[in-house]
2 protein chains.
Amino acid sequence: MQRRSPKRLLETHTDTEQDPPGTGADVSAPAGLRDQLGEGTIPDIVIRRLPIYARSLQFLEHDGIETVSSGELGARLGVSAAQIRRDLSYFGEFGKQGKGYNVAYLLGQIKGILGLDRDWSMALVGVGHLGRALLHYDGLQEQGFCIQALFDHNPEKVGEKIGDLVVHSMNDLPKVLAKQNIKMAIMAVPAKGAQEATDALVAAGTLAILNYAPIIVRVPTHVKIRHIDPIIALQSMTYYLDSDQVTPRNGSRRNGAKS
Amino acid sequence: MQRRSPKRLLETHTDTEQDPPGTGADVSAPAGLRDQLGEGTIPDIVIRRLPIYARSLQFLEHDGIETVSSGELGARLGVSAAQIRRDLSYFGEFGKQGKGYNVAYLLGQIKGILGLDRDWSMALVGVGHLGRALLHYDGLQEQGFCIQALFDHNPEKVGEKIGDLVVHSMNDLPKVLAKQNIKMAIMAVPAKGAQEATDALVAAGTLAILNYAPIIVRVPTHVKIRHIDPIIALQSMTYYLDSDQVTPRNGSRRNGAKS
DNA sequence: CCGACTCTGTGAATATTGTTACAATGTCGG
DNA sequence: CCGACATTGTAACAATATTCACAGAGTCGG
């Protein structure tokens with residue numbers, strides 16, 4: 001079984017949308033761009049869940065657990081057993097009746113489907129506080145995401161050496177990304193420079209961007225983007241909170257006409 | 001018009017699910033917990049989009065733009081105009097035919113709906129590198145999320161003073177949260193301690209958690225949670241990337257029987 | 001004040017997503 | 001090797017979410 005193909009899969013991936021769920025700030029795609037091939041395309045929402053399954057399987061594997069049923073896995077993740085089975089069924093048959101799934105095998109299959117059976121070189125745009133913090137985060141590298149090129153808009157930072165990498169000018173984006181065959185980027189720049197940086201990345205051939213800037217940036221259809229935005233995530237929870245809670249600090253509640 | 005009530009709203013909020021969209025790692029809720037009151041409940045997915053609209057409106061307001069149509073707003077966010085109008089219609093009528101929406105007014109309304117017309121006190125659990133970085137991030141405070149209590153599991157850190165806050169022991173969670181009336185928390189702890197910390201937070205009365213730990217933690221139905229997980233976000237994009245791309249580093253592709 | 005436009009709010013139609021239910025298959029202790 | 005039990009994969013169904021499309025309002029230049 002090769003990567004991504006078992007059943008109804010035929011190597012077509014369109015869509016683009018913004019992201020919220022994972023990062024807390026997703027906007028579902030206008031949907032309608034996706035299904036150029038009505039059948040044969042896996043729903044994006046299914047793709048979004050696979051990494052979550054993989055994560056849990058990694059923990060299970062680490063704990064030496066060999067087998068897991070859809071029910072057990074679902075219980076750990078807050079997902080129904082049927083949904084897990086259904087999601088997996090898009091790609092093939094990985095389980096065994098009466099037994100469940102072999103943890104290591106299923107993990108390997110999911111990684112293969114997602115393209116995680118290899119390392120990905122990444123660019124980091126913006127080497128301010130956040131960018132530097134990301135550089136020191138081991139988790140990325142451990143999961144195969146290797147930051148191998150740095151860029152910054154600030155001329156004072158260009159040329160600086162961080163670890164064994166040198167900060168490049170944004171002007172060098174096309175050249176460097178091409179030479180190092182980099183297709184993914186993390187963007188850690190201020191909101192006001194984010195769209196410009198995004199456009200530069202896209203022009204240089206970037207196909208996937210993880211955006212930490214607190215602004216929703218637009219990308220063309222062929223580019224994937226996910227937004228990491230703690231504030232949006234927090235703001236989507238407060239709705240459910242008040243009622244009796246804390247000091248309502250009432251007072252000037254806007255009112256009156258709509259114009 | 002008071003907060004959250006205009007039309008079909010009647011102050012019922014159930015559901016809980018994990019999060020993916022916004023933060024990049026959402027798992028949609030088992031859905032079925034939500035609609036105890038078939039009508040009168042706003043879909044969570046709508047609530048998740050409101051902060052995004054608000055964000056864009058803030059930029060428009062900052063730029064001195066007074067009016068915006070659903071079409072313009074949608075174009076900025078990659079959302080259809082109809083969706084914006086439909087989402088808003090759950091809460092009332094905020095626009096004006098032939099003109100659009102008054103930016104400041106709509107922003108105020110959305111903030112009111114979401115409960116953003118006041119400040120929220122927050123607890124931060126875990127004052128390692130990530131926790132400290134979050135403490136220095138001004139954005140949270142600017143948007144009304146004020147970290148006002150610190151906790152750490154490590155006895156060596158307990159008692160340490162950071163800014164004008166002292167790091168408390170996890171044992172003091174119930175006491176401190178109660179005294180300061182804190183209902184929201186940010187969790188920045190290692191994966192292995194995350195579920196335990198979550199349980200402690202929940203036991204202490206926390207109702208909303210923003211989780212930075214790279215693990216999906218479970219919470220009871222009455223607690224909201226969002227996961228910030230860059231790795232999950234990245235892993236949900238790689239699926240769309242390969243095909244011709246970079247060095248496939250082929251070789252040992254697992255194969256063979258399912259068991 | 002008119003006529004050509006613009007834009008909202010929403011019923012109805014579609015499209016997408018999730019759950020139920022069960023036949024088929026396999027496990028497992030004895 | 002048997003019978004009781006567990007679990008998958010999926011068809012059919014149910015629930016949700018999105019888009020279409022248009023009546024009703026309001027704008028705006030002259």
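Higher on the page you've got the structure.
How each quantity is defined
Residues numbered from 1 in each chain as written. Chains lettered and ligands numbered in written order. Predicted model: local features only at pLDDT ≥ 70, side-chain atom pairs only at ≥ 80, totals over all residues. Heavy atoms only, no water. Helix = DSSP H or I, 4+ residues; strand = E, 2+ residues; numbered from the N terminus. Buried < 20%, exposed > 50% of the residue type's maximum accessible area, 1.4 Å probe, protein only. Contact = heavy atoms within 4.5 Å. Pairing = 2+ DSSP bridges. Axes fitted to C-alpha atoms, helices over the stretch in contact; angles between N-to-C directions. Left-handed = near helix turned anticlockwise from the far one by under 90°. Nonpolar A, V, L, I, M, F, W, Y, C, P; charged D, E, K, R; others polar. Phe/Tyr/Trp six-rings, centres within 6.5 Å; stacked < 30°, edge-to-face > 60°. Lys NZ or Arg CZ within 6 Å of the ring centre and 35° of its normal. Parallel < 35°, antiparallel > 145°, perpendicular 65-115°, else oblique. Salt bridge = Lys/Arg side-chain N within 4 Å of Asp/Glu carboxyl O. Right-handed = clockwise from strand over helix to strand, strands pointing away.

Enquirer: Can you walk me through the overall build of chain A in this structure?
Expert: Of regular secondary structure, chain A possesses nine helices and eleven strands. Each of the 259 residues in chain A was classed as buried or not, and the buried ones make up 53%. Long-range pairs, those at least 24 residues apart, make up 60% of the contacts in chain A between residues at least 6 apart in sequence.

Enquirer: I keep staring at the sheet that holds strand 3 (residues 95-96) of chain A and nothing clicks. Help me out?
Expert: Either a parallel or an antiparallel arrangement is found when strands of a sheet pair, and the pairing is made through backbone hydrogen bonds. Residues and elements named next belong to chain A. Pairing within the open sheet is antiparallel, and its three strands lie in the order 2-4-3. Looking at the sheet topology across the chains shown, the edges are occupied by strand 2 (67-68) and strand 3. Across the face of the sheet, helix 4 (residues 103-114) comes into contact with strand 2 and strand 4 (100-102) while running at roughly 75° to strand 4.

Enquirer: What exactly am I supposed to notice about unusual backbone geometry here?
Expert: Most of the time, phi is negative for any residue but glycine, and the peptide bond is trans. Positioned with a positive phi, Asn181(A) is a non-glycine residue whose angle comes to about 55°. By the element assignment, Asn181(A) lies in the loop between helix 7 (173-180) and strand 9 (184-187).

Enquirer: Any chance you could explain the packing of helix 1 (residues 44-62) of chain A against helix 4 of chain A here in plain terms?
Expert: A packed helix pair is summarised by two numbers, namely the angle formed by the two axes and the spacing between the axes. Residue and element names in this part refer to chain A. Relative orientation of the contacting elements helix 1 and helix 4 amounts to 145°, with a least axis distance of 9 Å. Helix 4 is crossed by helix 1, and the crossing has left-handed handedness. For the pair formed by helix 1 and helix 4, the contact residues are Ile47, Leu50, Pro51, Tyr53, Ala54, Leu57, Gln58, Leu60 and Glu61 on the first element and Val103, Ala104, Leu106, Leu107, Ile110, Lys111, Ile113 and Leu114 on the second. Of the residues assigned to the contact of helix 1 with helix 4, the class counts are 14 nonpolar, one polar and two charged.

Enquirer: I'm lost on the sheet that holds strand 9 of chain A in this one. Help?
Expert: Residues and elements named next belong to chain A. One open sheet holds the seven strands; their spatial order is 7-8-6-5-9-10-11, and the pairing between them is mixed. Looking at strand neighbours, the two that pair on one side only are strand 7 (161-162) and strand 11 (224-227), the edges of this open sheet. Against the sheet, helix 7 engages strand 5 (120-125), strand 6 (145-152) and strand 8 (165-169), with an angle of about 160° to strand 6. Across the face of the sheet, helix 8 (residues 191-203) comes into contact with strand 5, strand 9 and strand 10 (208-211) while running at roughly 170° to strand 9.

Enquirer: I keep staring at the packing of aromatic side chains and nothing clicks. Help me out?
Expert: Two aromatic rings are characterised by how far apart their centres lie and by the angle between their planes. Per the stated rule, a full pass over the model turns up two aromatic pairs over all chains. Measuring from centroid to centroid gives 5.0 Å for Tyr239(A) and Tyr240(A), while their planes differ by 85°, and the two rings are edge-to-face. Each member of the pair Tyr239(A) and Tyr240(A) is classed as buried. The cationic tip of Arg118(A) hangs over the ring face of Trp120(A); the distance from NZ or CZ to the ring centre is 3.4 Å. Across the ring face of Tyr240(A), the terminal group of Lys224(B) is positioned such that the distance to the ring centre comes to 3.8 Å.

Enquirer: Would you mind showing me how to read the pairing of strand 6 of chain A here?
Expert: Looking along a regular strand, one sees side chains alternate from face to face of the sheet. Residue and element names in this part refer to chain A. Summarising burial for strand 6: seven of the eight residues are buried, a large majority. With six bridges joining them, strand 5 and strand 6 adopt parallel strand pairing. Looking at the pairing, Val125 lines up with Phe151 of strand 6. For strand 6 and strand 8, the ladder comprises three bridges, and the chain directions are parallel. What sits directly across from Asp152, in strand 8, is Ser169.

Enquirer: Explain the environment of Ile42(A) here, please?
Expert: Considering the arrangement of structural elements, one finds Ile42(A) in the loop between strand 1 (22-24) and helix 1. When the C-alpha positions of Ile42(A) and Phe91(A) are compared, they lie 8.8 Å apart, and in sequence the two are 49 residues distant.

Enquirer: Honestly, the packing of helix 1 (residues 44-62) of chain B against helix 3 (residues 81-89) of chain B in this entry has me stumped. Any pointers?
Expert: Residues and elements named next belong to chain B. Where helix 1 contacts helix 3, the axes come no closer than 10 Å and their chain directions differ by 110°. With respect to each other, helix 1 and helix 3 are oriented roughly perpendicular. Between helix 1 and helix 3 lies a crossing of left-handed hand. Facing Val46, Arg49, Leu50 and Tyr53 of helix 1, the residues of helix 3 in contact are Gln83, Ile84, Asp87 and Leu88. In the contact of helix 1 with helix 3, the residues fall into five nonpolar, one polar and two charged.

Enquirer: I'm lost on the pattern of salt bridges in this one. Help?
Expert: Opposite charge on two side chains allows them to pair when their charged atoms are near. On inspection of all chains with the given rule, the structure shows 14 salt bridges over all chains. Across the pair Asp44(A) and Arg48(A) runs a salt bridge whose closest N-O atoms are separated by 2.9 Å. Of the two residues, Asp44(A) and Arg48(A) are both situated in helix 1; the distance of four residues between them amounts to about one turn of the helix. Measuring nitrogen to oxygen at the nearest pair gives 2.7 Å for the salt bridge that ties Arg55(A) to Asp229(B). Residue Arg55(A) is found in helix 1, and its partner Asp229(B) is found in the loop between strand 11 (224-227) and helix 9 (230-238); the two belong to separate chains. Each of the two residues, Arg55(A) as well as Asp229(B), counts as buried. Among the charged side chains, a network of salt bridges with common partners joins Asp44(A), Arg48(A), Lys224(A) and Arg226(A).

Enquirer: Sorry, what's going on with the side chain of Thr198(B) here?
Expert: Residues and elements named next belong to chain B. Tracing the backbone shows Thr198 in helix 8 (residues 191-203). With a relative accessible area of 0%, Thr198 lands in the buried category. What Thr198 contacts, discounting residues up to four positions off in sequence, is Met187, Ile209, Val217, Arg218 and Val219.

Enquirer: Quick question: what am I supposed to make of the pairing of strand 10 (residues 208-211) of chain B here?
Expert: Residue and element names in this part refer to chain B. Going residue by residue along strand 10, you find Ala208 and Leu210 tucked away on one face and Ile209 and Asn211 tucked away on the opposite face as well. Bridge analysis of strand 9 (residues 184-187) against strand 10 gives four bridges, and the strand direction is parallel. The residue bridging Met184 from the neighbouring strand is Ala208, located in strand 10. As a crossover connection, the stretch from strand 9 through helix 8 into strand 10 is right-handed. With four bridges connecting them, strand 10 and strand 11 associate as parallel partners. Directly across from Asn211, in strand 11, lies its bridge partner His227.

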